Amino acid sequence: MDRRFNKAFINWKKDPSKLPVNEWMRDMVVNYGEIKDKTFYGDTWTVLVRITRHIDGTWDTYADVAFIVDEAPWHLLETGYSFNLWAGKDIATVTIV
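For the structure given in this document, a descriptive report is provided here.

What counts, and where the lines are drawn
Residues numbered from 1 in each chain as written. Predicted model: local features only at pLDDT ≥ 70, side-chain atom pairs only at ≥ 80, totals over all residues. Heavy atoms only, no water. Pairing = 2+ DSSP bridges. Helix = DSSP H or I, 4+ residues; strand = E, 2+ residues; numbered from the N terminus. Salt bridge = Lys/Arg side-chain N within 4 Å of Asp/Glu carboxyl O. Buried < 20%, exposed > 50% of the residue type's maximum accessible area, 1.4 Å probe, protein only. Phe/Tyr/Trp six-rings, centres within 6.5 Å; stacked < 30°, edge-to-face > 60°. Lys NZ or Arg CZ within 6 Å of the ring centre and 35° of its normal.

Quick look at the pairing of strand β5 (residues 82-86)
Pairing analysis gives five bridges linking β5 to strand β6 (residues 90-96), with the strands arranged antiparallel. Residue Asn84 lies in a different strand from β6, and its bridge partner there is Thr93. Taken together, β5 and the strand that follows it, β6, pair antiparallel across an intervening segment of three residues, in which Gly88 is found at a positive phi of about 90°.

Written out as structure tokens, the structure is:
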């Protein structure tokens with residue numbers, strides 16, 4: 001896969017031990033906006049996540065993350081930037097390293 005990506009630290013809200021390592025997962029999104037009266041206002045972007053290493057004794061991992069389209073807000077993916085991954089609910093917090 002010839003895609004640009006960013007290195008990240010991910011703090012999972014569930015045990016990631018059954019998630020694949022070194023394979024791109026494609027079913028996660030980032031929501032940029034806000035919820036008012038149970039309606040989401042803003043943009044949603046699909047994010048590819050590839051776990052590269054589990055951190056022993058924790059639910060944390062190192063990973064590569066990438067948007068799937070050039071129009072996505074790539075400029076936000078700078079060191080220290082954090083966002084939540086969503087897959088039906090918030091499942092993790094990602095921090096760009």
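After that view of the structure, there is still more to cover.
Focus on the pattern of salt bridges
Across all of its chains, the model carries three salt bridges by this definition. Close ionic contact of Lys7 with Asp64 constitutes a salt bridge, the shortest N to O distance being 3.1 Å. Here Asp64 lies in strand β4 (residues 60-67) and Lys7 lies in strand β1 (residues 6-12), a separation of 57 residues in the sequence. Its relative accessible area of 45% is what places Lys7 among the partly exposed residues. Its relative accessible area of 2% is what places Asp64 among the buried residues.

Topic: unusual backbone geometry
A positive phi angle, near 60°, is found at Asn22, a position not held by glycine. Note on placement: Asn22 falls in the loop between β1 and β2 (25-36).

A short note on the packing of aromatic side chains
All told, the structure shown has four aromatic pairs when counted by the stated rule. Ring geometry for Phe67 against Trp74: centres 5.5 Å apart, planes inclined by 85°, an arrangement best described as edge-to-face. Residues Phe67 and Trp74 agree in their burial class; the two are buried. Measuring from centroid to centroid gives 6.1 Å for Tyr81 and Phe83, while their planes differ by 35°, and the two rings are tilted. For Tyr81, a relative accessible area of 23% corresponds to the partly exposed category. Seen from the ring of Trp74, Arg4 lies directly overhead, with NZ or CZ sitting 4.0 Å from the centre. Directly above the ring of Phe5 sits Arg50, whose terminal nitrogen or CZ lies 5.1 Å from the centroid.

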